[in-house]
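Results of the structural survey
Below, each chain spelled out in residue letters.
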Amino acid sequence: MDFEKEYDIVIAGGGPAGLRTAIKAAEKKLKVLLLEKDQEIGSPVRCGEGLGMGWFNRLGIKPDPQFAVQSIYGAVLYSPKGKKLVVRFDKASGYIIERRIFEKFLAREAASKGATLIAKATVIDVLKEGEQVTGVKFVHAGEEFSVKAKVVVAADGVESTVARKAGLNTTNALYNVDSGYQYEMAGVKFEHPDLIALYFSNKYANRGYLWIFPKGEINGKNYGNVGVGILGSDTKTAKKCLDEWLETQPELKKGSKIIVNAGCIPVGGLLDKMTLNGLIAVGDAAHQVNPIHGGGMGIAMEAADLAVEVIAEAIEKNDLSDEFLSQYTKKWFELRGNKLQSLVKKRKMLEAISDEDFETIVNSLSGEDVLKLAGGDMLESAKVVTKKLMKNPKLATILLKYLK
Amino acid sequence: MEEKRFPEFKPELCMYCAGCVAVCPALALNLNETKLELNKEKCIKCLACTKICPVGALR
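Right, let's walk through the structure included here. Along each chain, numbering runs from 1 in the same order as the chain's sequence is written. Throughout, the order in which chains and ligands are written sets their labels, letters from A for the former and numbers from 1 for the latter. Totals for whole chains, interfaces and linings use all residues, but because this is a predicted model, local features are given only for residues with pLDDT of at least 70 and pairs of side-chain atoms are given and counted only at 80 or more. Water and hydrogen atoms were dropped before computing side-chain values, which therefore reflect all heavy atoms in the structure.

1. Some remarks on the sheet that holds strand β14 (residues 209–218) of chain A
All names here are of chain A.
- Strand pairing follows a simple DSSP-based rule, namely that at least 2 bridges must link the two strands. Numbering goes from the N terminus for both helices and strands, where a helix is a DSSP run of H or I of at least four residues and a strand is a run of E of at least two. Taking strand neighbours across the sheet as the criterion, the seven strands line up as β6-β5-β13-β14-β15-β12-β16 in an open arrangement whose pairing is mixed. Strand pairing shows two members of the sheet lacking a second neighbour, β6 (84–88) and β16 (256–266), which therefore form its edges. Within this sheet the neighbouring strands show an average axis-to-axis angle of 20°, counted without direction.
- The sheet contact formed by strand β12 (residues 177–188) and strand β15 (residues 221–231) spans ten bridges and is antiparallel. Across the sheet, Glu184 pairs through a bridge with Asn225, a residue of β15.
- Strand contacts of helix α5 (residues 238–247): β12, β13 (196–199), β14, β15 and β16, with the helix running at about 40° to β12, the strand carrying the most contacts. Axes, fitted as lines to C-alpha atoms, cover a helix only where it is in contact. Angles between the N-to-C directions of the axes lie from 0 to 180 degrees. Residue contacts are defined here by distance: any two heavy atoms, one from each residue, within 4.5 Å place the two residues in contact.

2. A few points about unusual backbone geometry
- With omega at -5°, the peptide bond leading from Ser43(A) into Pro44(A) counts as cis.
- Phi is positive for Lys120(A), which is not a glycine, with a value near 55°.
- Within the secondary structure layout, Lys120(A) lies in the loop between β8 (116–118) and β9 (121–129).
- A positive phi is found at Tyr16(B), a non-glycine position, where the angle reads about 55°.
- Within the secondary structure, Tyr16(B) is located in the segment before α1 (19–23).

3. Considering helix α1 (residues 16–27) of chain A
All names here are of chain A.
- Counted at 1.5 Å a residue, the expected span for α1 with its twelve residues is 16 Å, and the 16 Å between its end C-alpha atoms agrees.
- Accessibility here uses a 1.4 Å probe with only protein chains present; expressed as a share of the type maximum, an area under 20% marks a residue as buried, one over 50% as exposed, and anything in between as partly exposed. For α1, a buried count of ten out of twelve residues is recorded, marking the element as mostly surrounded by other parts of the structure.
- Those residues of α1 that sit buried are Pro16, Ala17, Gly18, Leu19, Arg20, Thr21, Ala22, Ile23, Ala25 and Ala26.
- Lys29 sits one or two residues past α1 and shows a positive phi near 65°. Multiplying 1.5 Å by the helix residue count minus one yields the expected span of that helix.

4. Some details on the interface of chain A and chain B
- Taken together, the 30 residues of chain A in the interface contact 20 residues of chain B.
- Carbon and sulfur atoms supply 63% of the area that chain A and chain B bury against each other, a total of about 1900 Å² over both sides.
- Take a side-chain nitrogen of Lys or Arg and a carboxyl oxygen of Asp or Glu: if they are within 4 Å of each other, that pair is a salt bridge. Across the chain A-chain B interface, the total number found is zero salt bridges.
- By the criterion applied in these results, polar contacts are pairs of N or O atoms within 3.5 Å in which, for protein atoms, one can donate a hydrogen and the other can accept it, and in which residues neighboring in sequence qualify only through two side-chain atoms. Applying the counting rule to chain A against chain B returns seven residue pairs in polar contact (both at pLDDT 80 or more).
- If you list the elements that add at least two residues to the side of chain A that touches chain B, you get α4 (161–166), β12, α5 and β16 of chain A. A quick way to say it: buried area is the sum, across both parts, of accessible area lost when two parts are put together, with a 1.4 Å probe.

The following block contains the structure:
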């Protein structure tokens, strides 16, 4: 097989985190090898496939219609009893993407810029000299290879085996993981084909939510992802939750299930330590996920950019120590981690809300209110809350219950 | 008290999503594409893998 014995960066994992690392490192003329364990980059998908417009802009990614298949104009939120709140923006707020195709785009871009990528290449061990990670051992099509690296990037997803084999503790506590299950359904009618639909229910989605992420329309029928994420320690399986809920949705359950996906999402438990001597963890492997909605693609790619900046400097200064590389962790918390940490607290508050109280809250809000609250403008948010509290004193009791 | 036992694996249900690997505190599970292996010497019988599994393939 045509690859070298030594690289600047060896990346374990060809998802958004690993592929973005490969692109950015290749742009800096670093020698990069990316190893993907599956036989195809982009598959299987373990994802709802929604990506907000802010990420396209921030990351400088052009939403090519080949992968950015459906523009999304906002969200419709359903309460446990089925009351709905429509939050619609004037402009598209994001896209549902075909990740299979998106990741192929990233892989081709990385290769075109000089990175070497190999599918069906599983990292089975980490090479070490003393405390320094110096490369990996991998199996490609039954044959074993060793390759040296100045820095190993562990971008191997939620299971994060490479980082853990190297000695970085990235184990997820059950409480901090959501268990997810999803069908891509086709031949159905979605009520709102240009909005994401989120269904809240402690019965069918303990702590999490059910979702419909529409992907498009053919012959007057819609298709898209229909899934659920629930608290990892729940004894009921995510599959059972989704199947039981579908039974309550007469229109949806008529649809065909053309893809079945399962996956787990690290929704909290941010890591204080994301580096070792010669190793950096990026993406799900480093628990870099929004703890409220479980989205991680944008966050992972942003972290990859930061990782490459730090690695390039480490190589230039010939300092591959944990101490130097840990600047990545520090910078990431300043850029993103601290914001996510505050969301963990908000999530804990939200997950304590009972279905009954949720109903009261939803009944006293309009879609416009949610827009103002979600918009993040403190003054607007305060106005909305104050107005609502004056109208509905019961809401104040509920808010006090969860805020304490 | 919960019984101390190894998880039971039903390969016909497994989606190979690796959620079990992610929560295993003992690094006792190994997933290679479509093969999940349990290292019984490392397993501490906590059964975290049976709770996280989205499809009940580990129970």
